[in-house]
Amino acid sequence: MSLVVLSGGCATPSPPPEVPQAVAPPQPSGPSPEEIRQRAVQHFLARAERAQREGFITMPAGASAYDFYLQVQQLDPGNSQATAGIQILVMDLVSRARDALRQRSFGQASSLLNTADEISPGNPLSKEVRDQLRREQQRARQDATLDGPGAQTVALPERELSARSEAMMQMLGSIAQRIREHQLRVVIVARTDAEGRWVYSQLRQAVPGYRVRGDIKLGNPPRLLLQKSP
């Protein structure tokens, strides 16, 4: 007779199923918004500098150095490079206005200063040259009066004047004699201050003891304006 032996122990439980771990979504591989902004700032700074080198200060609209600097300031308010760049634009405009003023191109000088004032209102550099422009315009009106009826204009040959030749000194000596004889007042229109002072010294040396009354003004072509003294 067979015996069946039964185990009196409990059955071993099955292990719980594994719970799948959460997987983080992949991070975007492109640049962050801040990186995009910084790249745009550098892009517009580079374009502003290039436009300035090519002479596009405020024109054409939307593609000038000034416009690019404004875009930088919109992206990054207070950006020091943009602030310095705009100041350089103003300095360049004022420098060109000075050159125009030396050539007595009053309209061009005024236009350049107006542009500088639009970029940087109240800029002291612009104000200084504008004051000088007003003085030179007043002197030009006086020149027009001197060059009117009764006035004499004597052209000074530029080559001889530049060389300060013997012929030029003789010419100025002869004019000085006429100034003294007819009691004339003289306005020396010269290309530079140094040139005007040299002409005046030649007139004085030609008539020792006589006070040559006159003024020196920058202009081109060089000439003398002679008029009866009031």
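First things first, this report covers the structure right here in the doc. (Residues numbered from 1 in each chain as written. Predicted model: local features only at pLDDT ≥ 70, side-chain atom pairs only at ≥ 80, totals over all residues. Heavy atoms only, no water.)

**Re the sheet that holds strand β1 (residues 152-155)**
Selection criterion: Strands pair, by our definition, only if DSSP identifies at least two bridges between them. Only DSSP runs of H or I with at least four residues qualify as helices, and only runs of E with at least two residues qualify as strands; both kinds are numbered from the N terminus onward. Each axis is a line fitted through C-alpha atoms, taken for helices only over the stretch in contact, and angles between the N-to-C directions span 0 to 180 degrees.
An order of β1-β4-β2-β3 is seen for the 4 strands of this open sheet, with the pairing classed as mixed. The two strands at the open ends of the sheet, each matched to only one other strand, are β1 and β3 (214-218). Taken pair by pair, the neighbouring strands of this sheet meet at an average axis angle of 20°, ignoring direction. In the sheet, strand β2 (residues 184-190) pairs with strand β4 (residues 223-228) via 6 bridges, with the strands oriented antiparallel. Of the residues in β4, the one forming a bridge with L184 is K228.

**A look at the pairing of β2**
Definition in use: Only protein chains enter the area calculation, which uses a 1.4 Å probe; residues under 20% of their type maximum are buried, those over 50% are exposed, and those in between are partly exposed. A clockwise course of the path from the first strand over the helix to the second, judged with the strands pointing away from the viewer, identifies a crossover as right-handed.
Burial within β2 is extensive, with 6 of its 7 residues counted as buried. Sheet analysis places β2 next to β3, joined by 5 bridges and oriented parallel. The residue bridging V187 from the neighbouring strand is D215, located in β3. Chirality of the crossover, the property in question, places the unit of β2, helix α8 (residues 193-206) and β3 among those that are right-handed.

**Let's talk about the packing of helix α7 (residues 166-182) against α8**
Spelled out, the test is: Working rule for angles: under 35 degrees goes down as roughly parallel, over 145 as roughly antiparallel, 65 to 115 as roughly perpendicular, anything else as oblique. Left-handed describes a crossing in which the near helix is turned anticlockwise from the far one by less than a right angle; the clockwise case is right-handed. Contacts are assigned to residue pairs that have any heavy atoms within 4.5 Å of one another. Each residue is assigned to one class: nonpolar for Ala, Val, Leu, Ile, Met, Phe, Trp, Tyr, Cys and Pro, charged for Asp, Glu, Lys and Arg, and polar for all the others, Gly among them.
The geometry of α7 relative to α8 is characterised by a closest axis approach of 8 Å and an angle of 60° between their N-to-C directions. On the basis of the axis angle, α7 is oblique to α8. Our pair here, α7 against α8, has a crossing hand that is right-handed. Here α7 contributes M168, M169, L172, G173, I175, A176, Q177 and I179 to the contact with α8, which in turn contributes W198, V199, Q202, L203 and A206. Its residues assigned to classes, the contact of α7 with α8 shows 10 nonpolar, 3 polar and no charged.

**Some thoughts on the packing of helix α1 (residues 33-53) against helix α3 (residues 80-102)**
When two helices pack together, their arrangement is given by the angle between the helix axes and the distance between those axes. The N-to-C vectors of α1 and α3 enclose an angle of 15°; their axes lie 11 Å apart at closest approach. By the angle between their axes, α1 is roughly parallel relative to α3. Crossing handedness for the pair α1 and α3: left-handed. Side by side, α1 and α3 meet where Q42, L45, E49 and Q52 of the first sit next to Q81, A82, I88 and L89 of the second. Of the residues belonging to the contact of α1 with α3, the class tally is 4 nonpolar, 3 polar and 1 charged.

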